Amino acid sequence: MNVELPNFIRFGREICGDLEQAERREWWLANGLGGYAAGTIAGTLTRRYHGLLVAPVNPPLGRVLVAAKADATLRLDGQDFPLFANRWAGGTIDPQGHVHIESFHLDGRMPVWRFALADTLVEMRIWMEPGANTTYVAFRREQGSSNAEREAELRVKLLVNARDHHGYTQRDGFNPVIEGENGRLRVRHPNWFTLRAQARGGVIHSDHSWYENFELPIERERGLHEFDTHLCVGQAHLNLHPGEWTGVVLSLHDDASPYLEEAMRRFRAHDLGQLKRAKVQVPALTEAPDWIDQLILASDSFIFSRPLPGIEDGESVIAGYPWFGDWGRDTMIALPGLALATGRYESARRILNTFARFVDKGMLPNVFPGAGDAPDYNTVDAALWYIEAWRAYLESTSDLPALREVYPVLADIIDWHCKGTRYGIQLDSDDGLLRAGEVGVQLTWMDAKVGDWVVTPRIGKPVEINALWFNALESMASFAERLGKPADAYRQLATQAREGFRRFLNPNNGGLYDVLDTPDGMDATIRPNQIFAVSLPHSPLSTEEQQRVVNLCGRELFTSYGLRSLSPGHHDYRPRYQGGVWERDGSYHQGPVWGWLLAHYAIAELRITGDTTLARQRLSPLRDHLMDAGLGTVSEIFDGSAPHRARGAPSQAWSVACALEAWWRLENVRQSNQPSERPLLASGHR
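All values derive from a computational prediction rather than experimental measurement.

Quick notes on the rules
- Residues numbered from 1 in each chain as written.
- Predicted model: local features only at pLDDT ≥ 70, side-chain atom pairs only at ≥ 80, totals over all residues.
- Heavy atoms only, no water.
- Pairing = 2+ DSSP bridges.
- Helix = DSSP H or I, 4+ residues; strand = E, 2+ residues; numbered from the N terminus.
- 1 Å grid on protein atoms, 1.4 Å probe; cavity = no way out; pocket = protein on both sides within 12 Å on 5 of 7 lines; lining within 4 Å.
- Points joined across faces, edges and corners; volume = space filled by probe spheres on them.
- Nonpolar A, V, L, I, M, F, W, Y, C, P; charged D, E, K, R; others polar.
- Axes fitted to C-alpha atoms, helices over the stretch in contact; angles between N-to-C directions.
- Parallel < 35°, antiparallel > 145°, perpendicular 65-115°, else oblique.
- Left-handed = near helix turned anticlockwise from the far one by under 90°.
- Contact = heavy atoms within 4.5 Å.
- Phe/Tyr/Trp six-rings, centres within 6.5 Å; stacked < 30°, edge-to-face > 60°.
- Buried < 20%, exposed > 50% of the residue type's maximum accessible area, 1.4 Å probe, protein only.
- Salt bridge = Lys/Arg side-chain N within 4 Å of Asp/Glu carboxyl O.
- Disulfide = S-S within 2.5 Å.

A few words now on the sheet that holds strand S10 (residues 110-117). Taken in spatial order, the nine strands make up an open sheet running S1-S9-S10-S11-S12-S19-S16-S15-S14, and their pairing is antiparallel. Looking along the sheet, the strands with just one partner apiece sit at the ends: strand S1 (10-11) and strand S14 (177-181). Pairing of strand S9 (residues 101-107) with S10, which is carried by six bridges, proceeds in the antiparallel orientation. Across the sheet, residue Ser103 finds its bridge partner in S10, namely Arg114.

What follows is the structure, encoded as structure tokens:
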């Protein structure tokens, strides 16, 4: 099988030389340990999270900005040309090296710049070593008959830091020991790390110079501290010979390889391996378009190692970059797309087993605990998504030994929901539906909270929770039958839930109530939560009722990138997601479009139309989006009103995962030539 890395994400001078356009496009890399690197096409810093090495120095997710920048200046025949740009307080851009960028593209996931200075062309690449806290920055002068004899040298300033990636720097808080020897540099923080810098094709001279007042416009937009400071610990002097790679290696490991070409081949081989495995294990992806291949590569960025006592090979899912960790809800929603649609069955099982250790009173943690932290269980749906993730895993693998091992945990989840668990979560025996909620606690995926203000409390019987409950009961009955265990109790509960679910039918608009039995009665607010009653594998609705739900969501909520979280006709609707913390969190689920819901709408529509071509068209705008905001990945949210500008986290796990899963499932339907079959989709948010 001939597999090539996608490289359709590319830009020329018209984008790279336009600062506004170049800054709004960001590259993101991850290393499989929870660490990452990120920046803009222009080379400027616009977020506190931008840097060459953000590493979990306190595993699993105590992430610290270690290396901020490697600012390169080309000296050519005695003249200096900056290959970088910096934004300073007041909006000054100095230098303006972005104007020398002839092109930028992603080689798979690897960002590649091509600088043109008269007849001299210089290529720059950045990548992270898979499974290591190591970043490479490499340069190569291209061959050319007219410039072969011209002397060229690179001087690269190495800017470092030692702060939590959510914070900002104060000079007095960071005074490392800087030691230089034999072309290498060691930067020792007394408590956290030792950064090792190596020069390949040159030497490094130590320094200790502070650069203050880097301006971070995205943080200003978010109502947060908008300046940062970084320490220059050294300057690499690199010889730049035609056709030869030179550069710097920044690592927290003693054994980081300085051989750039070998490291580059390892990175590309890793990405090619991801694609090959997906196409071999999942036939529906064999002839997938380039943007689906790009999403397969993006999916690898979210799965990371999370060893636990007794589970040394534990894994989990980063909910999104840059600010999220692993969340129970997000992980289970994203798991089918990240691991099953890409053929990573072992990872899927490891993730499921990792979370099984934390099931308590029938609940999964909302926020997965850090080292020594207690888990937080304020979620009503994570455990129900967990059952759906197991259903999807069994559908893909038929791994009955794994099901047999976890079955007591799954049965315990149902038992606790029947008798009652935390936060008022309990089965109502009168109608067979789940109720949940307490004042001051956010339990559903619409979980924004500002101070003591729960923006969308949804106390009562939320529609998606009961769609998930019905789906879980049907799945448990199937599990029991496959294992030769009694299934009647689950069937009876499912029958009662199906009958009780009819209470959600809203005769006024043909759709479903959002929440039943709230403190104020029936909540008829038009939100996307009702789509799950159609998109989940087991629906409690008739075909005609499903049709009406899809029609309502299409008319009131559908956009190119997903479903709005609130109908524009509602008085609380917010067309733009912007402002400070209070404004943004207060509008989080009051209008913004959520990318992961696009897949659920496409699958729901496919169920009632059987039209795989239409479903593919619904997903296709994501290809264009891959060339904006977080390049090669999918944003968390978008403005509710046109043109639906990307907002929130620029790289979100379930946005990527749900698109992959939807494509996988609709391709299975298309290739099987059975459009009437109901495809199965599992996917959802914090």
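Back to the text.
This brings us to the layout of surface pockets. The gaps of empty space that remain are located by a probe, the size of a water molecule, rolled over the atoms. In this structure, the largest pocket occupies an estimated 1000 Å³ of space. Forming the walls of the largest pocket are 41 residues, and the residues nearest its centre are Arg47, Arg222, Trp323, Tyr577 and Gly648. Considering only residue class, the lining of the largest pocket consists of 16 nonpolar, eight polar and 17 charged.

Packing of helix H15 (residues 596-609) against helix H16 (residues 612-619) brings their axes to within 9 Å, and their N-to-C directions diverge by 170°. Put simply, H15 runs roughly antiparallel to H16. Crossing geometry of H15 relative to H16 is assigned as right-handed. In this structure, H15 uses Leu598, Ala599, Tyr601, Ala602, Glu605 and Leu606 to contact H16, whose residues at the interface are Thr612, Leu614, Ala615, Arg618 and Leu619. Taken together, the residues that form the contact of H15 with H16 break down as eight nonpolar, one polar and two charged.

By the definition in use, this model includes 27 aromatic pairs. An angle of 85° between the planes, with centres 6.2 Å apart, marks the rings of Trp27 and Trp113 as edge-to-face. With Trp27 in strand S2 (residues 26-30) and Trp113 in strand S10, this pair connects stretches of sequence that are 86 residues apart. For the pair shown, Trp27 and Trp113 are each scored as buried. Here the aromatic rings of Tyr561 and Phe638 are separated by 4.6 Å at their centres, their planes lie at 20°, and the arrangement is stacked. Note that Tyr561 is positioned in the loop between strand S30 (558-559) and strand S31 (562-564) and Phe638 in strand S33 (residues 637-638), a separation of 77 residues in sequence. When its relative accessible area of 0% is taken as the criterion, Phe638 is described as buried.

Approximately 250 Å³ is the volume attributed to the largest cavity. Around the largest cavity, the lining comprises 24 residues; the ones closest to its centre are Gly43, Lys69, Ala70, Met124 and Ile126. When residues of the lining of the largest cavity are traced back to their parent elements, those giving at least two are strand S3 (36-40), strand S4 (51-58), strand S5 (62-76), S10 and strand S11 (120-128). When residues of the lining of the largest cavity are assigned to their parent elements, the largest contribution, four residues, is made by S5. For the lining of the largest cavity, the per-class residue count stands at 16 nonpolar, six polar and two charged. Volume-wise, the second largest cavity comes out at about 140 Å³. Lining the second largest cavity are 14 residues; nearest its centre among them are Trp28, Ala298, Ser301, Leu631 and Thr633. Per-element tally for the lining of the second largest cavity: the top contributor is S2, with three residues. Partitioning the lining of the second largest cavity into residue classes produces eight nonpolar, five polar and one charged.

Our next topic: the pattern of salt bridges. Two side chains that carry opposite charge are able to pair once their charged atoms sit near each other. Applying the stated criterion to the full structure yields 55 salt bridges. Across the pair Glu26 and Arg47 runs a salt bridge, and its minimum N-O distance is 2.8 Å. Taken together, the positions of Glu26 in strand S2 and Arg47 in the loop between S3 and S4 put the pair 21 residues apart, joining distant regions of the chain. The pair formed by Glu26 and Arg47 is uniform in burial state, with each residue classed as buried. Between Glu212 and Arg171 there is a salt bridge; the shortest N-O distance is 3.2 Å. Taken together, the residues Glu212 in strand S17 (residues 202-215) and Arg171 in the loop between strand S13 (152-164) and S14 connect sequence positions 41 residues apart. By relative accessible area, Glu212 is classed as partly exposed at 40%. Each of Asp428, Asp431, Arg435, Lys461, Arg503 and Asp517 takes part in a single network of salt bridges with overlapping partners.

Taken as a whole, this structure holds zero disulfides when the rule is applied. No disulfide involves Cys553; its sulfur sits 15 Å from that of Cys658, the nearest cysteine.

For the rest of this paragraph, the subject is the pairing of strand S12 (residues 134-141). The buried fraction of S12 is high, at seven of eight residues. As judged from the seven bridges shared by S11 and S12, these two strands associate in the antiparallel manner. Note on S12: the bridge partner recorded for Met124 is Phe139. Where S11 folds back onto S12 in an antiparallel hairpin, the turn is made up of five residues, including Gly131, whose phi is positive at roughly 75°. As defined by bridge partners, S12 adjoins strand S19 (residues 245-251) across seven bridges and the pair is classed as antiparallel. Bridge pairing in S19 links Val137 to Val248.

These figures come from the coordinates and say nothing about function on their own.
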